[in-house]
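What follows is the residue order along each chain.
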Amino acid sequence: MSSFRIFDIAGSALSAQSTRLNTVASNLANADSVVGDPSKVYRAHMPVFEASAEAGGEDMPGVKVTDVLQSTAEPDKRYEPGHPLADADGYVYAPKINVVEQMVDMISASRAYQSNVEMMNTAKDLTIRTLSLGR
C-alpha cells in the first residue's frame, strides 16, 4: 500500500467540500431573490455525498458527490402589490431558504475543508521527515 494514497483520499474530500461550499454560496446569493411566477423561484441546492471505494481513483477509498438535489419546499408567497415583479394578484414569490442554516452549513463545510488541508500538510511533513531519515 502506497503512503501517497492519503493525498488522493484527502483530495476527494476537498473536492466534495468545495462543492458543498459552492452550493451554499449559491443558496445565500439567491436567498432574497423574488419573482412573480412561483414556477420560476430559485430552489436551494444540496449536495449528496457518498463514501466510495473508487472516489479517490482506482480502488481508492474517498468521498464523492453523487448528486446535487434541489429543494422541493414551496416558495414563500408575499403580498407586495407595489413590487414591479408582483403577479396580477399582487404577490411575489421568494425561495424558502433559511439563511442561518446555510451559514451553519458554510461554517461546517469550511472547517471540514480546513481539516483536510491540515491532514494533507501533516502527511506531507511526515513524508519529508521519512525521506530525510536516510541522510
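Thresholds applied
- Residues numbered from 1 in each chain as written.
- Predicted model: local features only at pLDDT ≥ 70, side-chain atom pairs only at ≥ 80, totals over all residues.
- Heavy atoms only, no water.
- Helix = DSSP H or I, 4+ residues; strand = E, 2+ residues; numbered from the N terminus.
- Expected span 1.5 Å × (residues − 1).
- Buried < 20%, exposed > 50% of the residue type's maximum accessible area, 1.4 Å probe, protein only.
- Contact = heavy atoms within 4.5 Å.
- Patch = residues over 30% accessible without salt bridge, like charges linked within 9 Å, V, L, I, M, F, W, Y side chains within 5 Å.
- Areas by Shrake-Rupley, 256 points an atom, 1.4 Å probe, with all protein chains shown as cover.
- Salt bridge = Lys/Arg side-chain N within 4 Å of Asp/Glu carboxyl O.
- Polar contact = N/O pair within 3.5 Å; in protein donor to acceptor, adjacent residues only side chain to side chain.
- 1 Å grid on protein atoms, 1.4 Å probe; cavity = no way out; pocket = protein on both sides within 12 Å on 5 of 7 lines; lining within 4 Å.
- Points joined across faces, edges and corners; volume = space filled by probe spheres on them.
- Axes fitted to C-alpha atoms, helices over the stretch in contact; angles between N-to-C directions.
- Parallel < 35°, antiparallel > 145°, perpendicular 65-115°, else oblique.
- Left-handed = near helix turned anticlockwise from the far one by under 90°.
- Nonpolar A, V, L, I, M, F, W, Y, C, P; charged D, E, K, R; others polar.

Chemist: Any chance you could explain helix α1 (residues 5–29) here in plain terms?
Modeler: Count 3.6 residues to each turn of an α-helix, and residues three or four apart come out pointing the same way. For α1, which comprises 25 residues, the first-to-last C-alpha distance of 36 Å matches the rise-based estimate of 36 Å (1.5 Å per residue) to within 8%. Those residues of α1 that sit buried are Ala10, Ser12, Ala13, Leu14, Ala16, Gln17, Arg20, Thr23, Val24 and Asn27. Where the residues of α1 are buried, they touch β1 (45–52), β2 (62–70) and α2 (99–132).

Chemist: Which parts of the structure should I look at to understand a nonpolar patch on the surface?
Modeler: A surface patch of nonpolar side chains, about 190 Å² in accessible area, is lined by Phe49, Val65 and Val68. Relative to the elements of secondary structure, Phe49 occurs in strand β1.

Chemist: What am I meant to see in α2 here?
Modeler: Its 34 residues place the ends of α2 49 Å apart at the C-alpha level, agreeing with the 50 Å of an ideal helix rising 1.5 Å per residue. What α2 keeps buried is the set Gln102, Ala109, Asn116, Ala123 and Thr127. Elements that come into contact with the buried residues of α2 comprise α1. With a side-chain oxygen lying 3.0 Å from the backbone nitrogen of Val100, the N-terminal cap of α2 falls on Asn98.

Chemist: What is the right way to read the pattern of salt bridges from this model?
Modeler: Side-chain pairs of opposite charge can arise whenever the charged atoms involved come near each other. Across all of its chains, the model carries three salt bridges by this definition. The salt bridge partner of Glu50 is Lys64, with a shortest N-O separation of 3.8 Å. Here the residue Glu50 occupies a position in strand β1, and Lys64 occupies one in strand β2, the gap between them amounting to 14 residues. Accessibility expressed as a relative area gives 38% for Glu50, which makes it partly exposed. The class for Lys64 is partly exposed, based on a relative accessible area of 34%.

Chemist: Help me understand empty space enclosed by the protein in this model?
Modeler: The gaps left among the atoms become clear once a water-sized probe is rolled over them. In this structure the tally under the stated criterion is one cavity of 30 Å³ or more. Approximately 50 Å³ is the volume found for the largest cavity. Forming the boundary of the largest cavity are Val41, Tyr42, Arg43, Ala44, Ser71, Ala73, Glu74, Pro75, Pro95 and Lys96.

Chemist: Before we go on, may I ask you to explain the environment of Met103 in this structure?
Modeler: Locating Met103 in the fold gives a position in helix α2. With 75 residues separating them in the primary sequence, Met103 and Leu28 have C-alpha atoms 8.2 Å apart.

Chemist: What am I meant to see in the packing of α1 against α2 here?
Modeler: When two helices pack together, their arrangement is given by the angle between the helix axes and by the axis-to-axis distance. Closest axis-to-axis distance for the α1/α2 pair is 9 Å, and the angle between their directions is 160°. If you check the angle between α1 and α2, you find them roughly antiparallel. The handedness of the crossing between α1 and α2 is left-handed. For the contact of α1 with α2, the per-class residue count stands at 18 nonpolar, nine polar and three charged.

Scope: geometric values only; no functional claims are made or implied.
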